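# Descriptive analysis of the structure
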Amino acid sequence: MTTLSAPKSAAAPRLLASLNRSYSLIQALGVLLILIVAMQIANDRFLSPANVGNLLGQMAVMLIVAAGMTIVMIAGEFDVSVGSVVGLSAAGAGWIMVRWMPAPNADAHPWWVIALGLVAPLFIGPLLGAFVGFIVTKARIPSFIVTLGMLMVARSLTLVVTQGQPIPDIPHVIRLFGQGRWVQLPLPVGFSAYESSGSLPDLLVWFPIQNIVWVAAIVYAAGWFVMERTTFGKRVYAVGSNRTVATLSGIRADRLKTQCLMIVGFTASLAGVVSVSRLGAVSPNTGEGLEFEVIAAVVIGGTGLYGGQGKILRTIIGVIIIALTRNFLNLARIEIFWQGFATGTIILAAVLLEALQRRISDRR
Amino acid sequence: MSQQSAIAPGRFEASAAPAARPALLDCEGLTLSFGAVRALRGVGFSVAAGTVRGLVGENGAGKSTLAKIIAGVHAPDSGTIRFESRAVRFTGAEQALAKGIVTVHQDINLIQTMSVAENLLLNNEPTYRFGIIRGKTMRAAAQRLLETYEIPVDPDDTVGSLPNDLKKMVQIVKAVSRDPRILILDEPTSSLTEAQVRVALKLIRRLASQGVGFVLISHFLTEIFEVCDDLTVMRDGEAVYDGPVAATTLPQVVAAMVGRSVDAARRKTRVGRDADETPLMIVENLGVPGFLHDIAFTLRRGEVLGVTGLAGSGLGELARAVFGASARKASGRVLIEGRPVPGGDPAASLAAGIALLTSDRLREGILPDFTLIDNICLPILSRLSRIGGALDFAAMAATTTRNIERLGVRAPGAFALARQLSGGNQQKVLFAKWLETQPKAFVMDEPTIGVDVGAKEEIRAIIDEIAAAGVGILLVTTELDELVLLCDRVLIMFRGAIVGELSGERVQRETILRASACGEVQAVDA
């Protein structure tokens, strides 16, 4: 026998639901604000143009991967291989641009080699994602395990491609883009000017934004559109929320999950190429450990661990929080060895908080 | 099989006159409500040591609620429970267990990958110090138990490799090994074959002779008459018969379960049915290993074809298999308007014009955290999108609002979350969802399960309307009222097969109940 909830009045539950929905957002923004204030107090260089620029540049790679990870986690799957896929894609790009064809230096390559070096690696992630998706859906093995295998496979391939050596001397054009800041935005980072003049408008500074940050912004715009405004996004939420219901509604869940794994693969590859353009070099360790930072960022952004809920734009907040912690440790001159400790603690706190919220909302 | 006599020839001997024994458990005036639903309305119930008390009633009559109160799972709103002449108040299943009230659930809840011995002594293993298990002692203890009750199983057998009946036996013996005073058996025979049932009943009788008090919940009335000393018949949360089995007859029990013998709810005859037209849906030797055998029937446009049977007879499996959503690989085929539907693919079934309303609303129907718009539009997203898959939100909202109004869904609005709605309104939302796919054949699995009486009426009216619009409806249900009220024909399922069909004047509560409980449709009687 099923219990029935008595009919409720309309207004109260609606208010409650909307509060409940925005609760995690308010909470994440609150944490972010506290962090920023605390950091500015601890170190007045924190909101300086130089540091903010630094921060944004560092975040771009993680931001791009986290967008894909959010989608795959909403679909109820995980991809822990992203760090290695970032590395493999970066290595692929570097190898094509620098080592593939003999030339006195990389800038001497014809344009199409460089173009190929930019585009071809973007297929690596989707291909690996399709393979992972095939195994996950056909053999019914949890994606966590399959991508764990892929994590090692792709890292090993990265070492094979790079021969364990860094690939320096990426063509100049690529660096030009990756390190360029072509568009400016007014940002409230002019603290020193504001303090000396005392006028509020001085706080706003026309701040040049890195090109790679715009790449991340485009990824999020596209991701938001796909998840919020298309049939695909709706189906991803439905499959992640309840696979049976989705399947019975005529949604081909296996295909959809594979597509999500290809999407996260694509974002990882894109991030790999972006990191090549930013650093102007490829390291065989590119992306190592990134997967856990990314998953942590997604979870801190309010996406559940069991699929079906989450918002792609909120992941940005999660990424900022993770990046800020790292930046804070740098600014506070705390030994780099503590970085994992700090990030790990934040992850644990975020997951505990999520579990706590789940329990509270279940009880309601 | 005998259906007519009160005491079947194969009846086991009751150990003593039930009245002579003191009641082991005695309940009075038990009431319990779930929200607005009054599941129990003052029920008296007693079990004497060494006797078997049958507990029968239609689905939703309150049998399991009563059993759960006795087992300490639910606490009653009011009423008293006396155990061995002392008033008790259980606040959890563990307390009832400690008193020796053990329940054997309908599902076989053994650990399939463990051996019989490990299962029998789970969490009760003989150990050396530091929790090291005494393997030999454990095996011997299990062996002793199995021998005592003559279960032909080796203690080292893996439970998963045993046939269903032996699993059931192991499950019962495991319960017995806890040394129970009262053993509640919930549908112990629903997964067993006829021969296996004999063995199980023999075991029950034997245990009763050792002084255990039994509560046997079963839909199989012939079994009840074979094995029980006393009988409680429940209807609408009340005990409508309470007395020795010998003092009643099977037809009387059926009548008591059904209640009013005058069928107020007369079935309307639908017009415009042409026997010559090609059937809308043809199902040919549909089978699912272990669940369904050789199912075949046809469904016409505008027809409501009922399918019913006891719990565990394969009703839900049938509904899923027709839709191509069977958990296991199904054999046979389904044709819509003469064209075969690709099997095993719900998306293809939907495209062919089949819809499935599942019975488990919370797990397989509604998405509670999604809005009504998302719930209703999920199967038709492609229709509601522009090029590139961009959703047409205005169309989605309009579709939802139109359905909310048409089906009378009481909801704060299209943007409300499904979880805010009552069960009946959630069910209407699911109706809207499937109707929007414009089905030709609509399979409904228990469409009014767990909804209140008012919503039931509304949903039945909706079903009638859908049929009148020319949709063929396969109504899979265990609610007799629904079958009588809505169906043109009724198929009876028994242990995974269709054993008969009732139509016209024979679609009546008693006939259906008798056929379901006995596994055969009787010839037209006077």
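Residues numbered from 1 in each chain as written. Chains lettered and ligands numbered in written order. Predicted model: local features only at pLDDT ≥ 70, side-chain atom pairs only at ≥ 80, totals over all residues.

### A word on the overall build of chain A
Operational definition: Comment: elements are numbered from the N terminus, with helices defined as DSSP H or I runs of at least four residues and strands as E runs of at least two. Throughout, radius of gyration means the C-alpha value; the globule benchmark is 2.2 Å times the number of residues raised to the power 0.38. The exposure label follows from counting other C-beta atoms within 10 Å of a residue's C-beta, where the C-beta atoms are placed from the backbone and the thresholds are 20 or more for buried and 12 or fewer for exposed, leaving partly exposed in between.
A tally of helices and strands in chain A yields 15 helices and 2 strands. For chain A, whose C-alpha radius of gyration is 22 Å, the value lies close to the compact-globule estimate of 21 Å for 364 residues. If you line up chain A on its principal axes, its C-alpha atoms span 80 × 60 × 35 Å. Scored against the burial criterion, the 364 residues of chain A give a buried share of 45%.

### Overview of the pairing of strand E6 (residues 101–104) of chain B
All names here are of chain B. For clarity, the threshold we go by: When DSSP finds two or more bridges between two strands, those strands count as paired.
Burial of E6 is two-sided: the residues Ile101 and Thr103 facing one way and the residues Val102 and Val104 facing the other way are all buried. Looking at chain direction, E6 and strand E7 (residues 182–186) are connected through 4 bridges and run parallel. The partner of Val104 across the bridge, within E7, is Leu185.

### A word on the interface of chain A and chain B
For interface size, the figure often reported is the accessible area lost on association. Counted only if it meets this: In this description, any two residues whose backbone-derived C-beta atoms lie within 7 Å of each other are considered to be in contact. In this classification, Asp, Glu, Lys and Arg are treated as charged, Ala, Val, Leu, Ile, Met, Phe, Trp, Tyr, Cys and Pro as nonpolar, and every other residue, Gly included, as polar.
Facing 29 residues of chain A, the contacting portion of chain B comprises 38 residues. Elements supplying a minimum of two residues to the side of chain A that touches chain B: helix H1 (11–42), helix H10 (231–241) and helix H11 (243–248) of chain A. Top contributing element to the side of chain A that touches chain B by residue count: H10 of chain A, with 6 residues. Partitioned by chemical class, the residues of the side of chain A that touches chain B number 11 nonpolar, 12 polar and 6 charged.

### Section: unusual backbone geometry
Despite not being glycine, Asp169 of chain A has its phi angle at roughly 60 degrees, a positive value. Along the chain, the position of Asp169 of chain A falls in the loop between helix H6 (143–162) and helix H7 (172–179). Located in the positive-phi region is Arg495 of chain B, a residue other than glycine, with phi close to 45 degrees.

### So, the packing of helix H9 (residues 211–229) of chain A against helix H14 (residues 312–331) of chain A
Residue and element names in this part refer to chain A. Heads up, the condition is: Simply put, an axis is a line fit to the C-alpha atoms, just over the touching stretch for a helix, and the angle between two N-to-C directions goes from 0 to 180 degrees. Roughly parallel covers angles under 35 degrees, roughly antiparallel covers those over 145, roughly perpendicular covers 65 to 115, and oblique covers all other angles.
Where H9 meets H14, the closest approach of the two axes is 8 Å, and the angle between their N-to-C directions is 140 degrees. Regarding the angle of H9 to H14, the classification is oblique. Residues Tyr220, Gly223, Trp224 and Met227 of H9 touch H14, and the partners they reach there are Ile312, Leu313 and Ile316. Across the contact of H9 with H14, the residue classes break down as 6 nonpolar, 1 polar and no charged.

### Some points on the domain arrangement of chain B
Residues and elements named next belong to chain B. Put simply, the test is: Marked domain ranges trace back to an automatic or database domain assignment.
Partitioning chain B into domains gives domain 1 (44–258) and domain 2 (281–518). One C-alpha centre belongs to domain 1, the other to domain 2; they are set 34 Å apart. The interface of domain 1 with domain 2 comprises 14 residues on the first partner and 13 residues on the second. Mapped onto the side of domain 1 that touches domain 2, the elements with two or more residues apiece are helix H7 (221–227) and helix H8 (250–258). Considering every element that reaches the side of domain 1 that touches domain 2, the biggest residue donor is H8, with 4 residues. In the side of domain 1 that touches domain 2, the residues fall into 6 nonpolar, 6 polar and 2 charged.

### What to know about the sheet that holds strand E17 (residues 441–445) of chain B
Neighbouring strands of a sheet are bound in pairs by backbone hydrogen bonds; such pairs are parallel or else antiparallel. Residues and elements named next belong to chain B. Pairing is mixed across the open sheet formed by 6 strands, whose spatial order is E16-E17-E18-E13-E19-E20. Two strands lie at the open edges of the sheet, namely strand E16 (354–357) and strand E20 (497–503), each paired on one side alone. Shown here is a sheet whose adjacent strand axes are inclined to one another by a mean of 20 degrees, direction ignored. Summarising the sheet, strand E13 (residues 304–309) and strand E18 (residues 472–476) pair through 4 bridges and their orientation is parallel. By the bridge assignment, Gly306 is partnered in E18 with Leu475.

### Description of the sheet that holds strand E14 (residues 331–336) of chain B
Residues and elements named next belong to chain B. Strand order in the open sheet formed by 4 strands is E12-E11-E14-E15, and the pairing between neighbours is antiparallel. In this open sheet, the two edge strands, each paired with only one partner strand, are strand E12 (292–299) and strand E15 (339–340). Bridging between strand E11 (residues 281–288) and E14 involves 5 bridges; their strand directions are antiparallel. From the neighbouring strand, Val283 faces E14, where its bridge partner is Val334.

### Considering the environment of Ser115 of chain B
Residues and elements named next belong to chain B. Structurally, the position occupied by Ser115 is in the loop between E6 and helix H3 (116–120). The spacing of Ser115 and Asp157 is 42 residues in sequence and 5.3 Å in space, taken between C-alpha atoms. When sequence neighbours within four positions are dropped, the list of residues in contact with Ser115 reads Pro155, Asp156, Asp157 and Thr158.

### Topic: the confidence of the model for chain B
Residues and elements named next belong to chain B. Stated precisely, the cut-off is as follows: Values of pLDDT, ranging from 0 to 100, describe the predictor's confidence in every residue of the model.
The predicted model of chain B averages 84 in pLDDT, with 91% of residues at 70 or higher. Under a pLDDT of 50 for its full length, residues 1–19 has, in the predicted model, 36 contacts with residues more than four places off or in other chains. Under the prediction, the complex receives an ipTM of 0.81, its pTM being 0.78.

### Observations concerning the pairing of strand E10 (residues 238–244) of chain B
The side chains of a regular strand alternate, residue by residue, between the two faces of the sheet. Across 6 bridges, strand E9 (residues 230–235) of chain B lies against E10 of chain B in antiparallel orientation. In the strand pairing of E10 of chain B, Leu231 of chain B is matched with Gly243 of chain B.

### Concerning H8 of chain B
All names here are of chain B. The condition is simple: The reported arc concerns the directions from the helix axis to the C-beta atoms and nothing else.
Along H8, the positions that sit buried rather than exposed are Leu250, Val253, Val254 and Met257. For H8, the angular spread of buried residues about the axis comes to 100 degrees, placing them on one side. In the core, the buried residues of H8 are packed alongside strand E3 (52–57), H7, E9, E10 and helix H17 (509–518). Trailing H8 by a residue or two, Gly259 shows a phi angle of about 90 degrees, which is positive.

### Remarks on the confidence of the model for chain A
Averaged over all residues, the pLDDT of chain A is 86; the fraction at 70 or higher stands at 92%. Under a pLDDT of 50 for its full length, residues 1–10 of chain A has, in the predicted model, 26 contacts with residues more than four places off or in other chains.

### Describing the environment of Asp77 of chain B
Residue and element names in this part refer to chain B. Along the chain, the position of Asp77 falls in the loop between helix H1 (63–70) and strand E4 (78–83). Along the sequence, Asp77 and Gly42 sit 35 residues apart, while their C-alpha atoms lie 10.0 Å from each other. Those residues within four positions of Asp77 in sequence are excluded, and the remaining contacts are Thr31, Leu32 and Ser33.

### Some points on the packing of helix H5 (residues 124–138) of chain A against H6 of chain A
All names here are of chain A. The cut-off we apply is this: In a left-handed crossing the near helix is turned counterclockwise from the far helix by less than a right angle, and in a right-handed crossing that turn is clockwise.
Running from N to C, H5 and H6 cross one another at 145 degrees; their axes reach a closest spacing of 9 Å. Taken as a pair, H5 and H6 cross one another with a handedness that is right-handed. Residue-level contacts link Leu128, Val132, Ile135 and Val136 of H5 to Ser143, Val146, Thr147, Met150 and Ala154 of H6. A per-class count over the contact of H5 with H6 returns 7 nonpolar, 2 polar and no charged.

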